[in-house]
Amino acid sequence: MEVILEMLHNINKIKSELDTLPDYDNQIYLQGFYAGQNPTELTEGQTYKYVDENELACSVPLFDLPVINSIIDHYDLVRTRVMKMKPKSCYYWQKDVTKRLHIPVVTHEHCFLIVDGEQIHLPATGDDYIIDTTKMHTAMNCSKIDRIHIVGAFRV
């Protein structure tokens, strides 16, 4: 399985920017379809399916986050969001249309991605990782804390 480590960012600045976001439960979008869009409406009901199908159009920054937005711009990402995974949980087995950029912000040694049958742990060091999520994959949080990653999609 290929995990590509890209560049080191100041994790404290990233955390500081994330602290300015409104409260959210499982995820909050950092990019939307238009300026001023409610970032939590993108995760509700049928809207979530719509976002999946129209991922490339989900590209407008929703917050003033200079460090995070510069990373989004650098990689030309779309549908970037902060994903909070609760303890003792996992996502469904899936594959995406494009690879994903992951920036672990809060994690634990018992948090893993499983990609194409291979288990990997991404530490929260400020590094970003390009993960080939076009292969079957899931994420698992086998710890007692929330796992928080910034996740963005690459354009096709």
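Quick look at the structure, then. (Residues numbered from 1 in each chain as written. Predicted model: local features only at pLDDT ≥ 70, side-chain atom pairs only at ≥ 80, totals over all residues. Heavy atoms only, no water.)

## Here we look at the packing of helix 1 (residues 11-18) against helix 3 (residues 66-75)
To be explicit about the condition: In this analysis, axes come from line fits to C-alpha atoms, helices being fitted only over the stretch in contact, and the angle between any two N-to-C directions falls in the range 0 to 180 degrees. The helix and strand labels rest on DSSP assignments: H or I over at least four residues marks a helix, E over at least two residues marks a strand, and numbering proceeds from the N terminus. Oblique is the label for any angle not covered by the other classes, which are roughly parallel (under 35 degrees), roughly antiparallel (over 145) and roughly perpendicular (65 to 115). Contacts were defined at the residue level, with two residues in contact if any of their heavy atoms lie within 4.5 Å. Classification convention: Asp, Glu, Lys, Arg as charged; Ala, Val, Leu, Ile, Met, Phe, Trp, Tyr, Cys, Pro as nonpolar; all other residues, Gly among them, as polar.
It is at 8 Å that the axes of helix 1 and helix 3 come closest, and there the two elements cross at 110°. Relative to helix 3, the element helix 1 is oriented roughly perpendicular. Of the residues in helix 3, those touching helix 1 at K13, I14, E17 and L18 are P66, V67, I68 and I71. Class assignment for the residues of the contact of helix 1 with helix 3 results in six nonpolar, no polar and two charged.

## Brief notes about the pairing of strand 12 (residues 147-154)
Applied cut-off: Each residue's exposure class comes from its accessible area (1.4 Å probe, protein chains only) as a fraction of the maximum for that residue type: buried when under 20%, exposed when over 50%, partly exposed otherwise. Whether two strands pair depends on DSSP finding at least two bridges between them.
The buried fraction of strand 12 amounts to eight of the eight residues, a majority that puts the element mostly inside the structure. The alternating pattern of strand 12 places R147, H149, V151 and A153 on one face and I148, I150, G152 and F154 on the opposite face, and all of these are buried. The sheet contact formed by strand 7 (residues 100-106) and strand 12 spans six bridges and is antiparallel. Residue pairing across strands places L101 opposite G152, the latter belonging to strand 12.

## What about the packing of aromatic side chains?
Condition: Ring geometry is summarised as follows: Phe, Tyr and Trp rings, the Trp one being its six-membered ring, pair when their centres sit within 6.5 Å, and such pairs are stacked at plane angles under 30 degrees, edge-to-face over 60 and tilted between the two. In our convention, an over-ring charge means Lys NZ or Arg CZ found within 6 Å of a ring centre and within 35 degrees of that ring's normal.
In total, this model carries one aromatic pair according to the counting rule given. A ring pair is formed by Y75 and F154, whose centres lie 5.9 Å apart and whose planes are at 90°; its orientation type is edge-to-face. With a gap of 79 residues between them, Y75 in helix 3 and F154 in strand 12 connect regions that are remote in the sequence. The residue whose ring lies beneath K84 is Y24, and the NZ or CZ to ring-centre distance is 4.4 Å.

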